[in-house]
Amino acid sequence: MKHSALSGQRGISLIEVMIVLVIVGIMVTLAVINFRGATVDLQRQGIVREFKVYLERARFDSVKRRAVTEAEMAKVTLNSSTSFTATLDFDNNGVIDPVAETRVVNFNTRSQTRILVSDTLNYPITLEFNQRGHVIAKDSTNADITPLFTICSNCSSQTPDQTVLAISDTGTVAVLRNGQLPSTLPTPTVTAQTPTLNCYVLVVTNSGCVLN
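These lines cover the structure that appears in this document, whether it is placed above or below. (Residues numbered from 1 in each chain as written. Predicted model: local features only at pLDDT ≥ 70, side-chain atom pairs only at ≥ 80, totals over all residues. Heavy atoms only, no water.)

1. Considerations on the overall build of the protein chain
Cut-off, in case you're wondering: Helix numbers and strand numbers start at the N terminus; a helix is a DSSP run of H or I with at least 4 residues, a strand a run of E with at least 2. Exposure classes here rest on a 1.4 Å probe applied to the protein chains alone. A residue is buried below 20% of its type maximum, exposed above 50%, and partly exposed in between. Between two residues, a contact is recorded if the distance between any of their heavy atoms is within 4.5 Å. Surface accessibility in these figures is a Shrake-Rupley result with a 1.4 Å probe; residues are shielded only by whichever protein chains are displayed.
When its secondary structure is counted, the protein chain shows 2 helices and 11 strands. Sorting the 212 residues of the protein chain into buried and exposed places 28% on the buried side. A sequence separation of at least 24 residues applies to 51% of the contacts in the protein chain between residues at least 6 apart. As presented, the protein chain carries roughly 14,900 Å² of accessible surface, and 58% of it is formed by carbon and sulfur atoms.

Here it is as C-alpha cells:
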C-alpha cells in the first residue's frame, strides 16, 4: 500500500522549472527598469525644485533690499547645462558680497539631468532681478533671451522625460507640465462709474448746526 501511494505522486519536470525561472527573470527585469526610471525622474524633479527655489530666493532678496543697480541685484547664473550659481544676500546684512555670497550648484556627477535654454546655447545665462522683482535675462553676448528652460533626464531622446520651467516678465517662476505654454496675465479692466455727489452741507451758525 505504501509503494502504491508513492507511485501516484508526480514530480516537477525540468521544463517547468525553466519556465518558472524565465517568468521570474522577466518580472525582475521589469522591476529594475521601473526602479531606474523612477530614480531618474526623482533626480530631475529634485533639480527642478532646487533651481526654482534659488530663483525665487533671488527675486525675493532683490525686492526686499530694493535693488536698483546691477551690483545690488540678486542673480542666478546658469553656467552650463549641469551647473548654476546663485549670488544673493545670504547673511541678510543688506549687501551682496559677490565672492563670499555666491553658491555653486553642480549636479553633473549626481544626475543625468540637464537644463537647456529655449532660444540660445550661449552660456552663461544670467538671470537678474530688480527692485520690483522683474527678471532681466541675458546670455553671454549680452543679448536678451526668453527665460524658458527645459529640464530633461535624457535630452538625446526624441521623447525625453522633461519638465519646463518659465519665468514671466514680472519674475514669477512657474513649472509647466503636459505641454503647457507660458501665458501672460490678462490686462485688468476698469469699469467707469458715475460718481454720486453728496449734496448735504453742514452750516455752522451761532445758534447751532443746520443741514442744507
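Still more ground to cover, so stick around.
2. Structural notes on the sheet that holds strand β1 (residues 75-80)
The condition that has to hold: Pairing between strands is defined by DSSP: at least two bridges between them are needed. To define axes, lines are fitted to C-alpha atoms, for helices over the stretch in contact only, and angles between the resulting N-to-C directions are given on a 0 to 180 degree scale.
The antiparallel open sheet is built from 5 strands, whose spatial order is β3-β2-β1-β5-β6. Two strands close off the open sheet at either side, each with one partner strand: β3 (102-106) and β6 (135-138). Between one strand and the next, the sheet's axes are offset by a mean angle of 15°, whatever the strand orientation.

3. With respect to the packing of aromatic side chains
Which entries qualify depends on this criterion: For Phe, Tyr and Trp, rings pair up if their centres lie within 6.5 Å, where Trp contributes its six-membered ring, and each pair is then called stacked (planes under 30 degrees apart), edge-to-face (over 60) or tilted (otherwise).
Tallied over the full model, the rule gives 3 aromatic pairs. The interplanar angle of 55° and the centroid separation of 5.1 Å between the aromatic rings of Phe 51 and Phe 84 together place this pair among those described as tilted. Taken together, the residues Phe 51 in helix α2 (residues 14-65) and Phe 84 in strand β2 (residues 83-87) connect sequence positions 33 residues apart. Here the two residues Phe 51 and Phe 84 agree in accessibility, since each one is buried.

4. Some details on the side chain of Thr 113
Operational definition: Contacts described as polar in this section are N or O atom pairs within 3.5 Å, which, within protein, must combine one atom able to donate a hydrogen with one able to accept it, while residues neighboring in sequence count only if both atoms come from side chains.
Note that Thr 113 resides in the loop between β3 and β4 (114-117). With relative accessibility at 1%, the residue Thr 113 sits in the buried group. A polar atom in the side chain of Thr 113 sits 2.8 Å from the side chain of Ser 111. Not counting chain neighbours up to four residues away, the residues in contact with Thr 113 comprise Gln 43, Arg 44, Ile 47, Ser 81, Thr 82, Phe 107, Ile 151, Cys 152 and Ser 153.

5. Describing unusual backbone geometry
Here Tyr 123 and Pro 124 are connected by a cis peptide whose omega angle stands at 0°. Phi angles above zero are rare outside glycine, and Asn 92 is one such case at about 55°. Topologically, Asn 92 is positioned in the loop between β2 and β3. Exposure remark for Asn 92: the relative accessible area of 54% places this residue in the exposed category. In the Ramachandran plot, Asn 142 falls in the positive-phi region, its phi being about 70° despite a non-glycine side chain. Here Asn 142 lies in the loop between β6 and β7 (148-152).

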